[in-house]
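# Analysis of the macromolecular model
Next come the chains, spelled out residue by residue.
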Amino acid sequence: MLGRLNHVAIVVPDLAVAARVYADTLGARVSVPVDLPDHGVTTVFVELGNTKIELLHPLGAASPIAKFLADHPSGGMHHVCYEVEDIVMARDRLRASGARVLGDGEPRIGAHGKPVLFLHPKDFCGTLVELEQA
Ligand code: CO
């Protein structure tokens, strides 16, 4: 069911500083900041050969990552995103096994224009998991 690692998302307190760390210190290719108002985040994409790192910063008062940043003021790893071929089939299989799907359980369009779902960290080794239909 599980396909490739699509991205790892890291919440950061300062996007410009984080982008410089990846571009200058680590020598990676980074995008300009992209506002995603529907998701309440501003993102810098770090393009690696085999996956992406998404540097996330809250956008707007209702940002879903505002509390995470308040709890982790230095930033930290927020979620991992795995690709699946059929997100509804994956959701139904996970639910049947007792895993909790966050929200109303209906896939919504994620940061890359594809359907995504989030799974409860307590069911997945303490890590928030995003599934994206590839
Ligand atoms: Co993500």
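Residues numbered from 1 in each chain as written. Predicted model: local features only at pLDDT ≥ 70, side-chain atom pairs only at ≥ 80, totals over all residues. Heavy atoms only, no water.

Now for the overall build of the chain. Along the backbone of the chain there are three helices and nine strands. In sequence order, the secondary structure elements of the chain are arranged as β-α-β-β-β-β-α-β-α-β-β-β. Oriented by its inertia axes, the alpha-carbon framework of the chain measures out at about 45 × 35 × 25 Å. Sorting the 134 residues of the chain into buried and exposed places 41% on the buried side. Long-range pairs, those at least 24 residues apart, make up 53% of the contacts in the chain between residues at least 6 apart in sequence. A total of about 7,400 Å² of accessible surface is found on the chain, and carbon and sulfur atoms cover 56% of it. Separation between the mean location of the 12 positive side-chain charges and that of the 16 negative ones in the chain comes to 4 Å. (Helix = DSSP H or I, 4+ residues; strand = E, 2+ residues; numbered from the N terminus. Buried < 20%, exposed > 50% of the residue type's maximum accessible area, 1.4 Å probe, protein only. Contact = heavy atoms within 4.5 Å. Areas by Shrake-Rupley, 256 points an atom, 1.4 Å probe, with all protein chains shown as cover. Lys, Arg positive; Asp, Glu negative; His and termini not counted. Charge placed at Lys NZ, Arg CZ, Asp CG, Glu CD.)

This next bit is on the environment of Ile87. Among the structural elements, Ile87 can be located in helix H3 (residues 87-96). Distance in space between the C-alpha atoms of Ile87 and Glu132 is 6.9 Å, their sequence separation being 45 residues. In this view, Ile87 contacts Pro107, Pro115, Val116, Leu117, Leu131, Glu132 and Gln133; residues no more than four positions away in its chain are not counted.

On to the environment of Val129, then. Residue position: Val129 is located in strand S9 (residues 129-133). Under the relative-accessibility criterion, Val129 is labelled buried at 6%. For the pair Val129 and Phe118, spaced eleven residues apart in the sequence, the C-alpha separation amounts to 5.6 Å. The residues contacting Val129, other than those within four sequence positions of it, are Val80, Tyr82, Leu117, Phe118, Leu119 and Phe124.

Here we come to the side chain of Arg91. Structurally, Arg91 can be placed in helix H3. Looking at Arg91, the relative accessible area reads 10%, which means it is buried. Among residues more than four places away in sequence, those in contact with Arg91 are Val101, Gly105, Glu106, Pro107 and Leu117.

Of the strand pairs in this sheet, strand S1 (residues 2-11) and strand S6 (residues 76-84) are connected by seven bridges, and their pairing is antiparallel. Of the residues in S6, the one forming a bridge with Val8 is Val80. Both S1 and strand S5 (residues 52-58) contribute to a ladder of five bridges, which runs parallel. The partner of His7 across the bridge, within S5, is Lys52. (Pairing = 2+ DSSP bridges.)

Once that is clear, we can look at the layout of surface pockets. Approximately 460 Å³ is the volume attributed to the largest pocket. Within the residue set of the lining of the largest pocket, elements represented by two or more residues are strand S4 (41-47), S5, S6 and strand S8 (115-119). Examining the composition of the lining of the largest pocket, we find that three residues originate from one element, S8, more than from any other. Here the residues of the lining of the largest pocket are counted per class, giving eleven nonpolar, nine polar and five charged. (1 Å grid on protein atoms, 1.4 Å probe; cavity = no way out; pocket = protein on both sides within 12 Å on 5 of 7 lines; lining within 4 Å. Points joined across faces, edges and corners; volume = space filled by probe spheres on them. Nonpolar A, V, L, I, M, F, W, Y, C, P; charged D, E, K, R; others polar.)

Shape descriptors only; they carry no functional weight alone.
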